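# Structural description and commentary
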Amino acid sequence: MATSFVRSNIVIFLISMSLVMLLAAGVYASNRLLTHWLLVKGLEQTYAAWADTVYDTLQPREVRDTAVLPQTLDGLRMTLTSDGRSNAYHEQVDTLQNSLKSGHAPAGVLHFSILPSAMETREGPQSAAWASPEWEEKNLFLAPQTLTDAKVAALSSPRILAIPDMNTVGQFGNKAVIVYPAKDANSRSLIALVSTATIMKSLAPLLFSVSAAIGGLCLISFLFAGILLWMRFREQLQTSKNIQYLAHHDTLTGLPNRAVFNARLSEALRFAQAKASNIGVMIIDVDKFKEINDTHGHGIGDVFLQIIADRLKSVFSGHLVARLSGDEFAVMLTSVSDTGRMTRLAADMISATDPPCNIDGREIKISLSIGLARATDGSWRSSRLLHCADLALYRAKHEGRSTFCWYTQDLDAEAQKRKEIEQGLVKALKFDQLKLKYQPQYALSDGSLKGYEALIRWEHPTKGMMRPDSFIPIAEDTGLIEDIGNWVLEQACREAALWPNSNRRVAINMSPAQFAAGDIQKRVARALQTSGLDPKRLEIEITESLLISNTDSVVHTLRQIRDMGVSIAMDDFGTGYSSLSYLSLFPFDKIKIDKAFIQDLGKDASTDAIVTSIVGLGRSLNVTITAEGVETEEQAILLRAAGCDLIQGYLYGKPDDVMVHETVQADMTAKIRSVKKTWARQSAKPDSDPAANSSGPQKAVVKAAKSDMESSNRLPTDASFGAPVAVQGS
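Residues numbered from 1 in each chain as written. Predicted model: local features only at pLDDT ≥ 70, side-chain atom pairs only at ≥ 80, totals over all residues. Heavy atoms only, no water.

## As for the overall build of the protein
- Within the protein, the regular secondary structure consists of 26 helices and 21 strands.
- Here the protein holds 730 residues, and 45% of them are scored as buried.
- Contacts in the protein between residues far apart in sequence, at least 24 positions, make up 68% of those at least 6 positions apart.
- With the model as given, the accessible surface of the protein reaches about 36300 Å², and the carbon-plus-sulfur share is 55%. (Helix = DSSP H or I, 4+ residues; strand = E, 2+ residues; numbered from the N terminus. Buried < 20%, exposed > 50% of the residue type's maximum accessible area, 1.4 Å probe, protein only. Contact = heavy atoms within 4.5 Å. Areas by Shrake-Rupley, 256 points an atom, 1.4 Å probe, with all protein chains shown as cover.)

As structure tokens, then:
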């Protein structure tokens, strides 16, 4: 672009110079033509006064004195003198010279020549006698053709004519020729050599004024054209600067873009190789920026990125800071490239995010994840260094975000492993390697089996059965989670429709990626229609992370799904910061207590209080409560005491095929009923206070549940509760 811009301006410059030269030539030509015209008019007016004397003198009087020549001659011949001219000729010359001397002729006549008449120039012995006068042979003119033009005009011009001496380049001599043409064929003509000095001197002021006016107008025109050209050039220059800036900078933050960063990094690595120095790079990613955009709008998101850019420039002052993509930034460190100082800078950047930003009255927390890498020898390339920093960034995100990590060589192996899993998942979807295993859910009221939670497994051809926590995070990062989630939806509906017991319910876990793709309600309806499953047997579990982004749209979609007859459950309740607020936005059919609370049940008073509160909240909202991760009988007794509705966990069945669980269903029911009887016996003893016999943390659960023991049986024995088919789970 720069080359074309320079070429175009060179062309414009050459054209402008050509126009200037043409304008100058035009001014000069107009001056010469004007001078020629004024000089001709001045000479003709000046020497017209001598015309009467000239023509009176040049009358052919000698014809009367001439003897009659022999009839063999055509026309009349004159009496000739020794020089070959007639006596009349000499008389005419003498008369004209006397006229000049007496002052009857205008001043300035230097020489003159009488030219023969047409009759005298006819072929005859006297025609050769008219030799050119001496002054005609001295080459007194700048333009040789001046005298020739005069002689031609003497024979053809109908009036007195002035012929200035001007050559082809417009230069004037100090002489001119005045032509007095012949009146008729018998009359002679005269050409006079005159001086133009006097007339040129008199014309000088006028010529100067006119030339100055023409030159001034031309100068004004040139200046105006120059101003227009300068304005156009300045506009082009400014446009070129803007284009160059936009090509190398991010328009939102004003930071250099990826192209500039890569070029500067490659250049710095070459210098580092020559100087045996080190180069450090940081890749910085804004955590959960999409949620900020979805929650607050893109306008707020843009301002948010500008604030982050300002903080980056403040912390990394003196270093190259660039914006690589939407929410990803990079920093190149040359002067500070040792691990200690780079670590301190990364820590300073994390600390700089502690103060939240306030945009239009909205307080938004800033969270950044940083990956660090360092080129330690000359073999590093920019792409390799950025890749290593990106691997470190990936680890920082998976370690909880709002932190930084250094690149280590083991990250390459992890990246290769993720790549293999990603490629393997594509094949797993294509060759039907994904399987569903089911974990039962039992009612604490009577021990009946209400349904199953299905958990996805990957039957890898070489690694065997793989749990979801080994491949689901990678599927979420790569976007394959959408295809996997759709497969779970369709497969779970098909298998549930074939179960022998048509009262068992099935639930599936919907990932945010499935909602982001849109039309999830249509896919649910299609899965139900294709499989023939009763919508009342299907339950969809979501987490609150789904509601954080684009809450209104998600709630609208959930209502459409619920209108089909499908139940909606909130999974992992209590682990987020706004679970209660979402309960007011949408009437969930079920709440699932996260297994993190169940593991500490009976061991921590705070956990016991939380579980009791969740159960009480469910009772108040008429929502079914399910506890996940039940692994001990003590946990089951405490949940029964708290009034929990459904339980699931390894205590009553690990994920397996449905037929396996159906086979042992009677044993599991008896086991749960024994828990109920144990609790009933302890509660019925008149001299025994269950709360007193319980350990410290358990008392809160026992006391809170004692008054509600009867109401804990509120579930009908024939009610069926579905177990969610989870993409993620145990």
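## Some points on helix α21 (residues 605-621)
- Counted at 1.5 Å a residue, the expected span for α21 with its 17 residues is 24 Å, and the 24 Å between its end C-alpha atoms agrees.
- Of all the residues in α21, the buried ones are T607, D608, V611, T612, I614, V615 and G618. The buried residues of α21 occupy an angular sector of 155° when projected down its axis, which confines them to one face.
- At the N-terminal boundary of α21, the capping side chain belongs to D604, with an oxygen 3.2 Å from the backbone nitrogen of S606. (Expected span 1.5 Å × (residues − 1). Arc of directions from axis to C-beta. Polar contact = N/O pair within 3.5 Å; in protein donor to acceptor, adjacent residues only side chain to side chain.)

## A word on helix α11 (residues 382-398)
- Between the first and last C-alpha of α11 there are 25 Å, a value that for 17 residues agrees with the 24 Å anticipated at 1.5 Å per step.
- Among the residues making up α11, those that are buried are S382, L385, L386, C388, A389, L391, A392, L393, A396 and K397.
- Check the buried side of α11 and you find it contacts α7 (258-275), β5 (279-286), β7 (328-333), β10 (368-375), β11 (404-406) and α12 (410-430).
- Backbone geometry just downstream of α11 places G400 in the positive-phi region, at approximately 120°.

## Section: unusual backbone geometry
- Although it is not a glycine, K288 adopts a positive phi angle of roughly 55°.
- Turning to its location among the elements, K288 is positioned in the loop between β5 and α8 (289-296).
- Even without being glycine, D432 reaches a positive phi, approximately 60°.

## Observations regarding the sheet that holds β10
- One open sheet holds the five strands; their spatial order is β6-β7-β5-β10-β11, and the pairing between them is mixed. Sheet topology places β6 (320-323) and β11 at the edges, where each strand pairs with a single neighbour. Adjacent strand axes in the sheet meet at a mean angle of 20°, parallel and antiparallel pairs treated alike. (Pairing = 2+ DSSP bridges. Axes fitted to C-alpha atoms, helices over the stretch in contact; angles between N-to-C directions.)

## Re the nonpolar core
- Among the nonpolar cores identified, the biggest contains 79 residues, and V524, L639 and Y652 are the most heavily contacted of them.
- At eight residues, helix α14 (residues 481-497) tops the list of elements feeding residues into this core.
- Setting aside residues no more than four positions away along its own chain, L639 makes contact with L444, I598, L601, V611, A627, V630, C644 and I647.
- Judged by nonpolar contacts, the second largest core, of 30 residues, contains M282, V321, V331 and M349. (Core = buried A, V, L, I, M, F, W, Y, C linked by side-chain atoms within 4.5 Å.)

## Notes on the packing of aromatic side chains
- Counting across every chain of the model gives eight aromatic pairs.
- Look at F289 and F304: their rings are 6.4 Å apart centre to centre, the planes differ by 15°, and that puts the pair in the stacked class. Placement of F289 in helix α8 and of F304 in helix α9 (residues 298-315) is noted, with a sequence separation of 15 residues between them.
- Judged by relative accessible area, F304 falls into the buried class, the value being 1%. (Phe/Tyr/Trp six-rings, centres within 6.5 Å; stacked < 30°, edge-to-face > 60°.)

## Some words on the pattern of salt bridges
- This model, assessed by the stated rule, comprises 19 salt bridges.
- With a closest N to O distance of 3.7 Å, E328 and R258 form a salt bridge. Here R258 lies in helix α7 and E328 lies in strand β7, a separation of 70 residues in the sequence.
- The exposure class of E328 is buried, given its relative accessible area of 14%.
- Exposure remark for R258: the relative accessible area of 35% places this residue in the partly exposed category.
- Two residues, E539 and K590, come together in a salt bridge whose shortest N-O distance is 3.2 Å. (Salt bridge = Lys/Arg side-chain N within 4 Å of Asp/Glu carboxyl O.)

## A look at the packing of α9 against helix α10 (residues 339-352)
- Relative to each other, α9 and α10 sit at 145°, their axes nearing to 10 Å. Taken as a pair, α9 and α10 cross one another with a handedness that is right-handed. Only L345, D348, M349 and A352 of α10 make contact with α9, whose side of the interface consists of R311, L312 and V315.
- Class assignment of the residues belonging to the contact of α9 with α10 gives a composition of five nonpolar, no polar and two charged. (Left-handed = near helix turned anticlockwise from the far one by under 90°. Nonpolar A, V, L, I, M, F, W, Y, C, P; charged D, E, K, R; others polar.)

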